[in-house]
Amino acid sequence: MSDAYCRWCGTALAEHPDIQCRRELDPPRFCPECGRRLRVKVHTAGYEAACRDHGPLLD
Amino acid sequence: MPDVPVTLTPKAPIENRERLTPQAARTAVRAAGVALLDERRQLTLAELAELADVPDSAVPTLAALAHEVRLEWCGDTVEVEGILSAKTGGCPEDCHFCSQSAKFESPVQAMPFLDTADVLAAARETAALGATEFCIVLAIRGPDERTMDRICELVPLVQQEVGLNVAVSAGIVTEAQAKRFAEVGVHRYNHNLETAESFFENVVTTHTWAERFDTCQLVRDQGMELCCGVLLGMGESVDQRIELIGQLRAVEPAEVPLNFLNPRPGTPFAGLPLTEPLEAIRWISLFRLGLPSVILRYAGGREVTLRELQALGLTSGINALIVGNYLTTLGRSPEEDLQMLSDLQMPIGALSKAI
Ligand code: SF4
Ligand SMILES: [Zn+2]
Ligand SMILES: [Zn+2]
C-alpha cells in the first residue's frame, strides 16, 4: 500500500509541496496511513516507530 | 549524502573579522605550540582569540597543533559512548534548538520513561560496539522524586548487568539529588552550558545560565565527573565562543561534548544554517587548544556538519565520540565509525581527565 502522508512532515502527499523533506538521519515521525505523530524509540543500534492506531511501522 | 537538502541550506554568514596574515598565523600557531607542548601551560583567552582569526588556509596547521596537543595531554585512546533518550519530549523548558521542548510544534512525540528492559537492551547494544560509557538522558527540567527513584534503580543495574560506566543527564539538580546520584554510582553527570553566558538569553528563557553553572558545580562537589557540553552554530559570535571556553575552564569538566546545530523542524532555530565543515574543524581545534586535557567528544550534528571531513575531527583534537544513534536523530552506522578509528590507528578505551 502506498503512503498517504509524508513520514517526515506529516503532510498529505496529495498536497505535499514539491520539496524533499526526508532527512537521511531522521527516523520517520508521522504515520504514513493517518499522518499523526508516531511514537518513536531511538536507541544506539536502531529505532522503532509505531502509530497508536496503525501499529508498528514496518519498513 | 547531505542530511539536509543542499539547496535549502543557506550559507552561514561569515562574521566580518579581519583574518591574520599567513605569516602572523604561523607565528601565532608556533607560539601556541611552545606554550602547550614545551612550557605545558594553558593559553590565555587573548591568545586563543588570536588563533581564532587564522585564515582558512591555516586551519590545517591549527588542526595539526591541536592533534599534537591532544596526543601529548591525553594520549591516542578514543572513548566511545552510547546514549539513550530514556524519556523523550514534552520538556517544559524552551531551549530554542531542541526538538523535545513542549513549547514548540515539533514532530517529536513525547514518550514516557522507557521500561527497564528497553534501557538494558540499549546498553547491551552499546557494549556490543566496544563502548565503555552509556549515558541515560531525560528530557526534563530536573528530576522529581519518582524520576530520581527510576534513575537510581537503573544506574547500578546497567553497571552490573552490562558492565558499562553509566552517565546520566537529567537536568538541573539540587545538592541532595547530586549526592544521591554519586552514591548510586553515576560515573559522569552531563549538564551542558551550551553557550556563553552573554548569549544564553538568546537560546533559553525558562532557566538561567547561572542555574546551569550551579548544577555543574554541584556535580563536581559530589565527586562525579562533569560532562559539560556546548552547541555551536546558534548565532553566537567568535568572541562569545572564546568566552564560553573560559567559562568551561571555570567548571572544570572531565568531558566536553561538542555539538553542532542541526536545525530541527518546528524549533525557533529551524532556519539557521549549518556550520561550514572547515569552520567546524577550526573550532574543534580551538576547543582542544583552549581545553588541552579534557575529553573532547564528537556529539550531535557531526554527520550533517562535517560530512566527508568527519575523520579530520579526530586529527584536530577530538578524542571521544558518540557511536550509533543520538536522542531523536540517527547517527551514521557504527561500523563506519569503528572503521574510521581503526584506519586512524586509534585504540578504543575509557578515558578520564588528565591531570
Ligand atoms: S532542557 Fe533539555 S530537553 Fe528540555 S528543552 Fe532544553 S535541551 Fe531540550
Ligand atoms: Zn514531507
Ligand atoms: Zn496511523
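Anything mentioned here points back to the structure above.
All values derive from a computational prediction rather than experimental measurement.

Cut-offs and rules
Residues numbered from 1 in each chain as written. Chains lettered and ligands numbered in written order. Predicted model: local features only at pLDDT ≥ 70, side-chain atom pairs only at ≥ 80, totals over all residues. Heavy atoms only, no water. Helix = DSSP H or I, 4+ residues; strand = E, 2+ residues; numbered from the N terminus. Rg over C-alpha atoms; globule rule 2.2 N^0.38 Å. Buried < 20%, exposed > 50% of the residue type's maximum accessible area, 1.4 Å probe, protein only. Contact = heavy atoms within 4.5 Å. Buried area = accessible area lost by both parts, 1.4 Å probe. Salt bridge = Lys/Arg side-chain N within 4 Å of Asp/Glu carboxyl O. Polar contact = N/O pair within 3.5 Å; in protein donor to acceptor, adjacent residues only side chain to side chain. Nonpolar A, V, L, I, M, F, W, Y, C, P; charged D, E, K, R; others polar. Donors = N, O, S within 2.8 Å, 3.2 Å for Na, K, Ca; no water. Tetrahedral: all angles 85-135°; square planar, octahedral: opposite > 155°, others 65-115°. Pairing = 2+ DSSP bridges. Near = heavy atom within 4 Å. Axes fitted to C-alpha atoms, helices over the stretch in contact; angles between N-to-C directions. Phe/Tyr/Trp six-rings, centres within 6.5 Å; stacked < 30°, edge-to-face > 60°. Left-handed = near helix turned anticlockwise from the far one by under 90°.

(A) Representation of the overall build of chain A within the structure. The helix and strand inventory of chain A stands at zero helices and three strands. In chain A, the order of α-helices and β-strands from amino to carboxyl end is β-β-β. The C-alpha radius of gyration computed for chain A amounts to 11 Å, which stays within 12% of the reference 10 Å derived for 59 residues, consistent with globular compactness. Burial status across chain A gives 41% buried among its 59 residues.

(B) Representation of the interface of chain A and chain B in the model. Across the boundary between the two partners, chain A contributes 20 residues, which contact 35 residues of chain B. Taken together, both faces of the contact between chain A and chain B bury some 2,400 Å²; the carbon and sulfur share is 53%. Area buried by chain A at its contact with chain B is led by Arg23, Leu25 and Thr44 of chain A, which between them contribute 33% of it. On the surface where chain A and chain B come into contact, there are two salt bridges. A salt bridge links Lys41 of chain A to Asp118 of chain B; the shortest N-O distance between them is 2.8 Å. At the boundary of chain A with chain B, the tally comes to 15 residue pairs in polar contact (both at pLDDT 80 or more). Sorting the residues of the side of chain A that touches chain B by element identifies strand S1 (39–43) and strand S2 (46–51) of chain A as the ones contributing at least two each. Counting residues per element, the side of chain A that touches chain B draws most heavily on S1 of chain A, at five residues. Residues that form the side of chain A that touches chain B fall into these classes: eight nonpolar, four polar and eight charged.

(C) The coordination of the zinc ion (ligand 3), seen in detail. Residue and element names in this part refer to chain A. Those protein atoms acting as donors to the zinc ion (ligand 3) are Cys31 (SG), Cys34 (SG), Cys51 (SG) and His54 (ND1), and they sit at 2.1 to 2.4 Å. One way to put it: the four donor atoms around the zinc ion (ligand 3) meet at angles of 105 to 114°, and that makes the site tetrahedral. Mapped onto the polypeptide sequence, the residues donating to the zinc ion (ligand 3) form the spacing pattern C-x2-C-x16-C-x2-H. Pair noted here: Cys34 is in the segment before S1 and Cys51 is in strand S2, with a separation of 17 residues, a long-range link. We classify Cys51 as buried; its relative accessible area is 6%.

(D) Representation of the sheet that holds S1 of chain A in the model. Taken together, three strands build an open sheet; the order of strands is S1-S2-S3 (chain A) and the sheet is antiparallel. Two strands close off the open sheet at either side, each with one partner strand: S1 and strand S3 (55–56) of chain A.

(E) Layout of the site of ligand 1. Lining the immediate environment of ligand 1, one finds Cys91, Glu93, Cys95, Phe97, Cys98, Ser101 and Ala139 of chain B. Its residues assigned to classes, the shell around ligand 1 shows five nonpolar, one polar and one charged.

(F) Seen up close, the pattern of salt bridges. Residues and elements named next belong to chain B. Enumeration according to the criterion identifies 32 salt bridges over all chains in this entry. With its nearest N and O atoms 3.4 Å apart, the salt bridge here joins Glu161 to Arg124. In this pair, Glu161 is assigned in helix H5 (residues 145–162) and Arg124 in helix H4 (residues 116–128), connecting sequence segments 37 residues apart. Look at Glu161 and you get partly exposed, because its relative accessible area is 47%. Judged by relative accessible area, which is 42%, Arg124 ranks as partly exposed. Look at the salt bridges and you will find they share partners, linking Glu79, Glu81, Glu133, Arg188, Glu225, Glu255 and Arg297 into a network.

(G) Molecular detail of the packing of helix H7 (residues 209–221) of chain B against helix H8 (residues 238–251) of chain B. All names here are of chain B. Relative to each other, H7 and H8 sit at 35°, their axes nearing to 9 Å. Contacts between H7 and H8 involve Trp209, Phe213, Cys216, Gln217 and Arg220 from the first element and Gln247, Ala250 and Val251 from the second. Split into classes, the residues belonging to the contact of H7 with H8 amount to five nonpolar, two polar and one charged.

(H) Representation of the packing of aromatic side chains in the model. All names here are of chain B. Enumeration over the complete set of coordinates arrives at three aromatic pairs over all chains. Consider the rings of Trp209 and Phe213, whose centres lie 5.2 Å apart with planes at 25°: the pair is stacked. In this pair, Trp209 and Phe213 both sit in helix H7, four residues apart, roughly one turn of the helix.

(I) Structural view of the packing of helix H3 (residues 59–74) of chain B against helix H9 (residues 277–290) of chain B. Residue and element names in this part refer to chain B. Where H3 meets H9, the axes come as close as 9 Å, and the angle between the chain directions of the two elements is 35°. Both H3 and H9 take part in a crossing whose hand is left-handed. Along the contact surface, H3 presents Val59, Leu62, Ala63, Leu65, Ala66, Val69, Arg70 and Cys74, while H9 presents Leu278, Ile281, Arg282, Ser285, Leu286, Arg288 and Leu289. Class assignment of the residues belonging to the contact of H3 with H9 gives a composition of 11 nonpolar, one polar and three charged.

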